[in-house]
Amino acid sequence: MITLKEALSLSKDELNKFKDSLKAKIQADPELNAYIDVNNVGEGVPIAIKDNIQVKDWSVTSGSNILQGYIAPYNATVIEKMLNAGLSPFGRTNMDEFAMGSTTESSFYGKTLNPKNRDCVPGGSSGGSAAAVAAGLAIAALGSDTGGSIRQPAAFCGIVGMKPTYGRVSRYGLGAYASSLDQIGPMTQNVEDAAILYDIICGYDEKDSTSANIACEKVSDKLNPERKLRIAVLPEYVKDASDDVQKAYTYAVESLKAAGHTIVEKEMMNPKYDISAYYITATAEATTNLARYDGIRYGNRKVGKNLEDTFIQTRSEGFGDEVKRRIMLGNFVLSSGYYDAYYVKAQKVRHLIKDNYAKIFEDVDLILSPVAPTTANKFGELSSPIEMYLSDIYTISINLAGLPAISLPVTNAANGMPIGLQFIANAYDEQTLFDGAMSLEKQVNYNA
Ligand code: GLN
């Protein structure tokens, strides 16, 4: 598959031909189920779009039954920016319903398969975007990351996925899951393409009240893998990962040393607190965000005996089990009597996590961490929702702290599945993030 960088120099005719062949390839492999449908806007380089990002006049459903029939009335800011930069939204990719999940199994459209091994999940919630890029069915894609949904599917499918600093990329036109955590980001074949796409979508937006009014300096022009960096490694933290992931971590550390970087050992607080703080915060915000889906304003409606019954019937039928579970959890942690014990406490833990990162960044440029404790699991292997939540240990603290991170494939496990690791940088230091990632990418020379 050609890279984004290469595709940007194709002529309109070449791009049109390329899009026809891409469409044919997508239609020839319906079993993979990476795409929900394939529409195209504009004459530029095709980029696949997660089904929670609005493209004007396209259906947009966040992988849910409740939004069937809803048509986006305007473009998300990232889509406007893409169109201005000569990129074309091309196809909606599959996702866990409302981005809640780590496997893409909770989608209304059925599961997406992992192109590296079709018995395995592609990760989630941006599993469709990751599978499309990994299968050669997209040059690049957009995903969204609330607690790892870009980085983890990227790691499971052997591609690159990047979550920007909170506030760098506008959330205007993104279906909200947990507003204080959500960020849109690039999913690509290599680090340089991720930098190019990140440059295109980043920037202050007055339509998003949490957008950071801080200049976005172009990173892709200045990529420098030769920069020597101080990189923190986390020997204790990594011990919760499988042997394969630990081996890959050691291999990456050795590779970074060989590339001339300075390695410093640091400690992170116990990730079990991250899980609690995240699942309380995310469900509380999700409950509030999803209250708007009442059958009156958007998508599907199931008419009941009276107004209240219409709300109940619409929501009972429209939402899937995982979404309902989170709505209940979120209401519980916000209810009077429990608010202080859960929600307020989770916000305090969030501060501690932020402080922990800030302390490490006083001394280093980047942190190297696993993305997931294992490689992609087989379908049906996770026996309970709790087990799935626990698999998020390495990604969610980064969203709680609002930091940028990038996942890149480093090696394959004994079972042949890719292992991705992530770099984490200080807030707004995307340049260092990409420089370090490019250095590691060069050094390990991962070839699926
Ligand atoms: N797996 C996490 C969750 O289910 C993260 C999802 C995401 O980043 N959207 O909440």
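Refer to the preceding data block for the structure.
So, here is what we can say about the structure in this document.

Criteria and thresholds
Residues numbered from 1 in each chain as written. Predicted model: local features only at pLDDT ≥ 70, side-chain atom pairs only at ≥ 80, totals over all residues. Heavy atoms only, no water. Disulfide = S-S within 2.5 Å. Helix = DSSP H or I, 4+ residues; strand = E, 2+ residues; numbered from the N terminus. Buried < 20%, exposed > 50% of the residue type's maximum accessible area, 1.4 Å probe, protein only. Phe/Tyr/Trp six-rings, centres within 6.5 Å; stacked < 30°, edge-to-face > 60°. Lys NZ or Arg CZ within 6 Å of the ring centre and 35° of its normal. Near = heavy atom within 4 Å. Polar contact = N/O pair within 3.5 Å; in protein donor to acceptor, adjacent residues only side chain to side chain. Areas by Shrake-Rupley, 256 points an atom, 1.4 Å probe, with all protein chains shown as cover. 1 Å grid on protein atoms, 1.4 Å probe; cavity = no way out; pocket = protein on both sides within 12 Å on 5 of 7 lines; lining within 4 Å. Sits in = over half its atoms within 2 Å of the grid points. Nonpolar A, V, L, I, M, F, W, Y, C, P; charged D, E, K, R; others polar. Contact = heavy atoms within 4.5 Å. Pairing = 2+ DSSP bridges. Axes fitted to C-alpha atoms, helices over the stretch in contact; angles between N-to-C directions.

**Regarding the state of the cysteines**
Thinking step 1. Taken as a whole, this structure holds one disulfide when the rule is applied.
Thinking step 2. A disulfide bridge connects Cys202 with Cys216, and the sulfur atoms are separated by 2.1 Å. One end of the pair, Cys202, is in the loop between α6 (191–201) and β7 (230–233); the other, Cys216, is in the loop between α6 and β7, and 14 residues separate them in sequence.
Thinking step 3. The buried category is assigned to Cys202, whose relative accessible area is 7%.
Thinking step 4. Residue Cys216 is classed as partly exposed on the basis of its relative accessible area of 27%.

**Some points on the packing of aromatic side chains**
Thinking step 1. Taken as a whole and judged by the stated rule, the model has 14 aromatic pairs.
Thinking step 2. Taking 5.1 Å as the distance between ring centres and 70 degrees as the angle between the ring planes, the aromatic pair formed by Tyr237 and Tyr394 counts as edge-to-face. Taken together, the positions of Tyr237 in the loop between β7 and α7 (243–258) and Tyr394 in the loop between α12 (385–390) and α13 (396–401) put the pair 157 residues apart, joining distant regions of the chain.
Thinking step 3. Take Tyr237: its relative accessible area is 5%, and that puts it in the buried class.
Thinking step 4. Ring centres of Phe332 and Tyr342 lie 5.6 Å apart, and the angle between their planes is 50 degrees; on these two criteria the pair is classed as tilted. Here Phe332 is found in helix α10 (residues 321–334), whereas its partner Tyr342 is found in helix α11 (residues 339–361), with 10 residues between them in sequence.
Thinking step 5. In textbook terms, an aromatic cluster arises when at least three aromatic residues are bridged by ring pairs, as seen for Tyr70, Phe98, Tyr293, Tyr298 and Phe319.
Thinking step 6. Over the face of the ring belonging to Phe379 we find Lys111, whose NZ or CZ atom lies 4.3 Å from the ring centre.

**Some remarks on the site of the ligand**
Thinking step 1. The local shell around the ligand holds 15 residues, among which Thr146, Gly147, Ser149, Tyr177 and Tyr278 are the closest.
Thinking step 2. Contacts to the ligand include Tyr177, whose side-chain N or O atom sits 2.6 Å from an oxygen atom.
Thinking step 3. Compared with its free state, where it exposes 290 Å², the ligand has 99% of that area covered by protein.
Thinking step 4. With respect to the pocket detection grid, the ligand is positioned in the largest cavity.
Thinking step 5. Split by residue class, the shell around the ligand holds five nonpolar, seven polar and three charged.

**Points about the side chain of Ser125**
Thinking step 1. Structurally, the position occupied by Ser125 is in the loop between β3 (87–93) and α4 (127–134).
Thinking step 2. On the basis of relative accessibility, which here comes to 0%, the residue Ser125 falls in the buried class.
Thinking step 3. Here Lys50 takes part through its side chain, which lies 2.8 Å from a polar atom of the side chain of Ser125.
Thinking step 4. For Ser125, the contacting residues outside a window of four places in its chain are Lys50, Asn94, Met95, Asp96, Ala99, Met100, Gly101, Thr104 and Ser149.

**Section: the sheet that holds strand β8 (residues 262–265)**
Thinking step 1. A sheet is described by the order of its strands in space; here 11 strands give the open sequence β1-β3-β2-β4-β6-β5-β10-β11-β9-β7-β8, paired in mixed fashion. Sheet topology places β1 (35–40) and β8 at the edges, where each strand pairs with a single neighbour. Neighbouring strand axes in the sheet, compared pairwise and without regard to direction, differ in orientation by 30 degrees on average.
Thinking step 2. Alignment of strand β5 (residues 160–163) against strand β6 (residues 183–188), held across two bridges, turns out to be antiparallel. Of the residues in β6, the one forming a bridge with Val160 is Thr188.
Thinking step 3. Strands in contact with α6 are β2 (45–50), β3, β4 (140–145), β5, β6 and β10 (405–412); relative to β6, the strand with the most contacts, it is inclined by about 145 degrees.

None of the figures reported here should be taken as evidence of function without further support.
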